[in-house]
Amino acid sequence: MLSHRYSPSSSSAVQSETSASSVPPAPVYGVPHKFDPSFRGPVRRRSCTDVLCCLIFFIVILAYVALGIVAWLHGDPKKVLYPTDSYGQFCGQRGTINEDKPILFYFNILKCTNPAILINLQCPTTQMCVSRCPDRFATYTEMQLQHKLSRSYWDYYRQFCKLGFNNPDKPVSQVLRDEDCPSMIIPSRPFLQRCLPEFITLNGSVTVANRTRFKDALEMPRSVTELQHAAKGITGLLDTKELGLKIVEDYAKSWAWILIGLLLALLVSLIFILLLRFTAGVLLWTTIILVLLLLTYGMWFCWMELSRLRESPGSDVGIMEVGLQSDLQVYLHLSQTWIILFVSLAVSEASILLMLIFLRRRVRVAIALLREASKAMGHIPTTLFFPVVTFLLITVCISYWATTAVYLASSGEPVYKVVSPDVSCPHANSTCSPETFNRSGVSSSPLCAGSLCLFAFYGGETSYHRYLFLLQLSNLLVFLWLVNFSLALEQCTLAGTFASYYWSRRKPEDIPPCPLFSSFTRTVRYHTGSLAFGALILSMVQLFRIVLEYLEQKLRGVNNSVSRFIMICLKCCFWCLERFIRYLNRNAYIMVAIYGKNLCTSAREAFFLLMRNMVRVAVLDRVTDFLLFLGKVLIAGGVGVVAFFFFTRRIPVFQEQVPDLNYYWVPLLTVVIGSYLIAHGFFSVYAMCVDTLFLCFCDDLERNDGSSNKPFLMSPELHRILGKSSRNR
């Protein structure tokens, strides 16, 4: 096989580089690399870098494991899974007195409209574990009258009273004062193991037990509207529960076809990459044309649906007027939905056409780089499957973080707080003891009348419990650190692999054996500290962004334009900072893989190398990423179109095999998103290969001059098109 060393016989190519370099830029960025006849790509003799950060990284991992163990010892996931009554006891937990009582019942759900619930995150009423929810309407006063006729009325009512209370003749005022029984019970149904009012529409009116108004035990008039307000936040979740059940049902019916769709996306991605190896230029131009045709078809489909809806009554209703609906098919019957989709597709197609018109030369440069990347990946095909390792590492990190977070959240002993209907109560939200609360006299004070000592959360007074919030924050930071480290490990490993390919004088004869495994072991052995250092910097910025998002949620109700402006500016600045650090880290890892220096030195050399080749960086720009993005869109969109026709029974051959679904968009979106992620996994290797080859190309131009003594290691096509582009610029 012919050598890939490039020594142009004519001096045109060299002159282009000489002319480009004869006029040096005003600023000088670092010292260009000199010719070294012994340089053969990634240096073999190297030492460990950023050792201190490596030691800190391993210590943090050990501390993270210790944190998980401590959380597992103190935490109890049942505290999250099971509802808890006013005494801190779990509903439905085996081996307890509430084993046969899995549902939480609110004595007076009308109190859940009190502003105190927003402060204490607890409804200020007694909560008991019951075996079933009430199925009839009754007040305590009515029960006392009917009890004289038959004891069955009391036997039914007392199952919603405090355990051990068996005095139906006790005056109603004392019963309500001591919270022995609810003042009334209303027909309810369980939701998330909690009894919520069951609203029924009768003759256009919302009713409970066929009533719109009723009186409680104190003869106070009540209305169904009050119940709706009390359960407003929860009844909104009822539709969500039904939607969730339908989605689970759709997944159960269509999981096999979803799997077939994802396998189809995997097959198409492999075929795409195989064709890219031999017909990069033709395939990429074909991809651009197919994406344009796909967008055109989408615009035509939206226009046809819009034309059809013009004849339908009610289609002119706005999306804002409809509001948030759990059934997404409601929006498909609105003209405004299809207008928005049509405009979005039109803008996307116009943007691609403008890019092709004004950036066609950059597109040719990007295609040349992708063609060279295809050759590299053709010689080292194992790189395509390395993202699987990264996926497994990230999966482990997510699982460990989520488990530790749940155990931390459920750590501690029951803590009881004073909950008062009056927010001005001086004892509100203070710690109390259920055993001594009735003797404390708190509830007898004027401002705290009707106060209760209710279970609030799980915590404690030890140092561990006092710093639970900081432990959760540390859990999040280490999680981000580990995820970014996994991504950095993939980038540095692939960079070392593709650098070995580029600097081989004879391809594939001089490519080292098992280059991917060699690069992986070299990275882990010598540069774990550098990768951890870069990942830590990025994780700190991401943590600040998360904190800003949290603060924005807290300040959302504050009507202060200055604070909103400052928050927007901070979010924008940290977003830009994160993007810059990602870009700098990516190129720094390439230099670490090639030269084996520490992160700061590698980042500086990578930055200076890019600045010395600023014209070529401007030519390359993000066009290669855009072309790869179009490839992902084509694969995901193509598979999505096939899935759309299948699940909507528009393929005659498979009409009988299509399962009956509640929402066809459930498997459709799953297939589209899964196809995009599969394509992204393969194309991310391409993107790393292009970035590595580009840095190696810039380094090659500085080390060599194209003469017989200093030949280029780049391909003639790559030198010709990048040299030409830089000259034209």
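Small disclaimer: the values here were computed from a predicted structure and weren't measured.

Thresholds, definitions, all that
Residues numbered from 1 in each chain as written. Predicted model: local features only at pLDDT ≥ 70, side-chain atom pairs only at ≥ 80, totals over all residues. Heavy atoms only, no water. Disulfide = S-S within 2.5 Å. Helix = DSSP H or I, 4+ residues; strand = E, 2+ residues; numbered from the N terminus. Buried < 20%, exposed > 50% of the residue type's maximum accessible area, 1.4 Å probe, protein only. Pairing = 2+ DSSP bridges. Core = buried A, V, L, I, M, F, W, Y, C linked by side-chain atoms within 4.5 Å. Contact = heavy atoms within 4.5 Å. pLDDT = per-residue confidence, 0-100.

1. A few points about the state of the cysteines
Inspection of every chain in the model, using the stated rule, returns 3 disulfides. With a sulfur-sulfur separation of 2.1 Å, Cys133 is cross-linked through a disulfide to Cys195. One quick way to see it: the torsion about the S-S bond of Cys133 and Cys195 is about -95°, and its sign makes the bridge left-handed. Of this pair, Cys133 sits in the loop between strand S2 (127–130) and strand S3 (138–139) while Cys195 sits in strand S6 (residues 194–197), and the two are 62 residues apart along the sequence. Sulfur-sulfur distance for the disulfide between Cys161 and Cys181 comes to 1.9 Å. The disulfide joining Cys161 to Cys181 has a torsion of about 115° about its S-S bond and is therefore right-handed. One end of the pair, Cys161, is in the loop between helix H6 (152–157) and helix H7 (172–177); the other, Cys181, is in the loop between H7 and strand S4 (184–185), and 20 residues separate them in sequence. For the pair Cys161 and Cys181, one class covers both residues: buried.

2. Description of the side chain of Asp699
Secondary-structure assignment places Asp699 in helix H23 (residues 665–703). What makes Asp699 buried here is its relative accessible area of 2%.

3. Regarding the pairing of S2
Burial along S2 is two-sided: Gln127 and Cys129 facing one way and Met128 and Val130 facing the other are all buried. Sheet topology places strand S1 (residues 103–106) next to S2; 4 bridges connect them, and they run antiparallel. Of the residues in S2, the one forming a bridge with Leu104 is Cys129.

4. Re the nonpolar core
In terms of nonpolar packing, the biggest core is built from 98 residues, with Ile288, Ile352, Val363, Tyr502, Leu627 and Tyr686 touching the most fellow members. With 19 residues, the top contributor of residues to this core is helix H17 (residues 468–502). If we skip the residues at most four places from it in the chain, Ile352 touches Ile288, Val291, Leu292, Leu295, Phe626 and Leu630. Core analysis: the next-biggest nonpolar cluster, separate from the first, contains 20 residues, Phe105, Phe107, Tyr157 and Phe160 among them.

5. Some details on the confidence of the model for the chain
Mean pLDDT over the chain: 79, with 81% of residues reaching 70 or higher. Here helix H4 (residues 116–120) is the element of the chain with the lowest mean pLDDT, 38, and helix H2 (residues 51–74) is the one with the highest, 93. Contacts for the low-pLDDT stretch residues 1–5, under 50 throughout, to residues beyond four places or in other chains number 15 contacts. Across residues 7–26 the pLDDT falls below 50, and counting only partners more than four positions away or on other chains, this stretch makes 16 contacts in the model.

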